[in-house]
Amino acid sequence: MVLPSYLVHVHLMSILVLILFNYTIILMKKLIAFSIFCFALISCGEKQKKEVVELPPAKLKALIIDGQNNHYVWPKTTMMMKGYLEETNLFTVDIHRMDSVWLGIKYNQSRPETYTSFIETYPLTDKTYNISDSPIKISEFAFDFKDYDVIISNLGAESPLWPEKTRSDFESYMANGGGFVVIHAANNAWGEWEEFNKMIGLGAWGGRNEKSGPYVYYNEAGEIVKDSTDGVCGSHGPEYEFQLTTRAPEHPIMKGLPNKWLHTPDELYERMRGPFENATILATAFADVEKNAPPWDPNIKGLGQNVPQLMAINYGKGRVFHSTLGHFDYSMECAGFITTLQRGTEWAATGTVSQEVPEDFPTADSTTSRAWK
Ligand code: ZN
């Protein structure tokens, strides 16, 4: 049987309509599925966005080491430095106190506190330690320095040399990018430890002499002089207010600080000697021949030169901030001491400084102190 042609057309049209209808259904299904997928994706993103909690940047880990310092005020100055660093909100600060401690010498006879009052007033409550009435000669100190971004030494003259393994561990820590801060009498320690002397640039006392390296200072022409003249290593006059002169104004620690500023009463360290390698003098003070002559030693006069007080030293990948300032608590209450400690410690830990210069920073002819509670 042969179908009439119009029926053939109708049949073909029906098939075509059916095919188109099926495709439309499939396409719509796909579109709906895609829309659901997109909606789910956006909802999920929104949900995730809502769940993101803004975390504050991780704080730098700092450690103060103390327990043996010829300055009997050290239990208090440790707490002062811990407070100064924590108030920047950049650091968490732990303290490692040696198991056996020596309180040092009561230099300031005029001070009302008794010899033991500082260790009694500023104890570490989670630590027991023996108090020795004379310098401790043997150290069994061992420590994993790698847990910290920066180590601050509040040790001093007569600190017993760390065991060889601990010295080697500390050298590796520093060479691999560690941070180290040396305050005042901490540079009296360990004249015999060659790598320590490289870290601090210049040191004082501690058995050092002309073999330890030259005196380093700025002459009147503003040039750095390395002077290998024979003579003592380390001296200072009576405490007094003295002016610091910035020598590296573009260094991160010094940027924005005034060219000259007056420091509260302190010892003006001079005649320091050392290898002075990879070292930058950040600030100097003038060691007057008469004014900075120690009254207790008629054989020594002031050097009559501008001598380093703040230094930055590179040791391998590590960084060291060295401040000779900080003889007593009132020296550390100076806004200049506090600011340079805070900035120097950040630089030692990271290589940069994010802190603003405070408004109370001392000027060329007036000091500013913050009474520490
Ligand atoms: Zn001192």
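Residues numbered from 1 in each chain as written. Predicted model: local features only at pLDDT ≥ 70, side-chain atom pairs only at ≥ 80, totals over all residues.

## Some details on the overall build of the chain
For step 1, the next point in the chain: Summing up its helical and strand segments, the chain has seven helices and 12 strands in all.
For step 2, the next point in the chain: Taking all 373 residues of the chain together, 44% fall into the buried category.
For step 3, the next point in the chain: The contacts of the chain with a sequence gap of at least 6 include a subset with a gap of at least 24, amounting to 75%. (Helix = DSSP H or I, 4+ residues; strand = E, 2+ residues; numbered from the N terminus. Buried ≥ 20, exposed ≤ 12 C-beta atoms within 10 Å, placed from the backbone. Contact = placed C-beta atoms within 7 Å.)

## Focus on the pairing of strand S6 (residues 215–218)
For step 1, the next point in the chain: Summarising the sheet, S6 and strand S7 (residues 224–227) pair through four bridges and their orientation is antiparallel. In the strand pairing of S7, tyrosine 215 is matched with aspartate 227.
For step 2, the next point in the chain: What sits between the antiparallel neighbours S6 and S7 is a turn of five residues, in which glycine 222 has the positive phi angle 80°. (Pairing = 2+ DSSP bridges.)

## Digging into helix H2 (residues 74–86)
Since there are 3.6 residues in each turn of an α-helix, residues three or four apart along the chain are aligned in direction.
For step 1, the next point in the chain: With 13 residues, H2 extends 18 Å from end C-alpha to end C-alpha; this agrees with the ideal 18 Å at 1.5 Å per step.
For step 2, the next point in the chain: Those residues of H2 not exposed but buried are Trp74, Pro75, Lys76, Thr77, Thr78, Met79, Met80, Met81, Lys82, Tyr84 and Leu85.
For step 3, the next point in the chain: Taken together, the buried residues of H2 touch strand S1 (60–68), strand S2 (91–102), helix H3 (117–121), strand S4 (150–153), helix H6 (329–332) and helix H7 (335–350). (Expected span 1.5 Å × (residues − 1).)

## Regarding the nonpolar core
For step 1, the next point in the chain: Residues Val150, Phe180 and Val320 are the most contacted members of the largest nonpolar core, which totals 78 residues.
For step 2, the next point in the chain: Aside from chain neighbours lying at most four places away, what touches valine 150 is Leu60, Ala62, Gly179, Phe180, Val181, Thr345, Ala348 and Ala349.
For step 3, the next point in the chain: In this structure, Tyr72, Trp74, Trp102 and Phe118 belong to the second largest nonpolar core, which totals nine residues. (Core = buried A, V, L, I, M, F, W, Y, C linked by C-beta atoms within 7 Å.)

## Digging into the environment of phenylalanine 141
For step 1, the next point in the chain: Take phenylalanine 141: it is sitting in the loop between strand S3 (130–132) and S4.
For step 2, the next point in the chain: Between the C-alpha atom of phenylalanine 141 and that of proline 163, which follows or precedes it by 22 residues, the distance is 6.8 Å.
For step 3, the next point in the chain: When near neighbours in sequence (up to four residues on either side) are disregarded, phenylalanine 141 contacts Met98, Trp162, Pro163 and Thr166.

## Regarding the pairing of strand S5 (residues 179–183)
For step 1, the next point in the chain: Most of S5 sits out of view: five of its five residues are buried.
For step 2, the next point in the chain: Alternating residues of S5 divide into Gly179, Val181 and Ile183 and Phe180 and Val182, and every residue in both groups is buried.
For step 3, the next point in the chain: Looking at chain direction, S4 and S5 are connected through three bridges and run parallel. Its bridge partner lying in S5, isoleucine 152 is registered against valine 181.
For step 4, the next point in the chain: Each parallel crossover has a hand, and for S4 linked through helix H4 (residues 164–175) to S5 it is right-handed.
For step 5, the next point in the chain: Here S5 pairs with strand S12 (residues 318–323) via five bridges, running parallel. Paired with glycine 179 across the bridge in S12 is arginine 319. (Right-handed = clockwise from strand over helix to strand, strands pointing away.)

## Quick word on H7
For step 1, the next point in the chain: Its 16 residues give H7 an end-to-end C-alpha distance of 22 Å, which sits within 8% of 22 Å, the value for a rise of 1.5 Å per residue.
For step 2, the next point in the chain: With 15 of 16 residues buried, H7 is to be regarded as a mostly interior element.
For step 3, the next point in the chain: The first or second residue beyond H7 is glycine 351, which carries a positive phi of 90°.

## Description of unusual backbone geometry
For step 1, the next point in the chain: In this structure, asparagine 89 takes a positive phi of about 65° despite not being glycine.
For step 2, the next point in the chain: Topologically, asparagine 89 is positioned in the loop between H2 and S2.
For step 3, the next point in the chain: Even without being glycine, phenylalanine 276 reaches a positive phi, approximately 45°.
For step 4, the next point in the chain: Within the element layout of this structure, phenylalanine 276 appears in the loop between strand S9 (260–266) and strand S10 (279–287).
For step 5, the next point in the chain: The class for phenylalanine 276 is buried, based on 22 C-beta atoms found within 10 Å.

## Considering the confidence of the model for the chain
For step 1, the next point in the chain: On average, the chain scores 91 in pLDDT, and the residues at 70 or more come to 86%.
For step 2, the next point in the chain: Across the chain, S12 holds the top mean pLDDT of 99, while helix H1 (residues 5–51) sits lowest at 57. (pLDDT = per-residue confidence, 0-100.)

## Let's talk about the environment of tyrosine 217
For step 1, the next point in the chain: Tracing the chain through its elements places tyrosine 217 in strand S6.
For step 2, the next point in the chain: Using a count of 23 C-beta atoms within 10 Å as the deciding quantity, one classes tyrosine 217 as buried.
For step 3, the next point in the chain: When the C-alpha positions of tyrosine 217 and phenylalanine 286 are compared, they lie 9.6 Å apart, and in sequence the two are 69 residues distant.
For step 4, the next point in the chain: If we ignore the near neighbours within four places in the chain, the residues touching tyrosine 217 are Val225, Leu303, Gln305, Asn306 and Val307.

## Some points on the environment of phenylalanine 118
For step 1, the next point in the chain: For phenylalanine 118, the location among the structural elements is in helix H3.
For step 2, the next point in the chain: Each C-alpha atom of the pair phenylalanine 118 and leucine 103 lies 9.0 Å from the other, and the pair is 15 residues apart in sequence.
For step 3, the next point in the chain: Residues in contact with phenylalanine 118, not counting those within four places in the same chain, are Tyr72, Val73, Pro75, Lys76 and Glu113.

## Things to note about the packing of H2 against H7
Packed helices, taken two at a time, are described by the angle between their axes plus the distance between the axes.
For step 1, the next point in the chain: Where H2 meets H7, the closest approach of the two axes is 10 Å, and the angle between their N-to-C directions is 65°. In this view, H2 runs roughly perpendicular relative to H7, as classed from their interaxial angle. In the crossing of H2 with H7, the sense of the turn from one axis to the other is right-handed. Contacts from Met81, Tyr84 and Leu85 of H2 reach H7 at Ile338, Leu341, Gln342 and Thr345.
For step 2, the next point in the chain: Within the contact of H2 with H7, the residues separate by chemical class into five nonpolar, two polar and no charged. (Axes fitted to C-alpha atoms, helices over the stretch in contact; angles between N-to-C directions. Parallel < 35°, antiparallel > 145°, perpendicular 65-115°, else oblique. Left-handed = near helix turned anticlockwise from the far one by under 90°. Nonpolar A, V, L, I, M, F, W, Y, C, P; charged D, E, K, R; others polar.)

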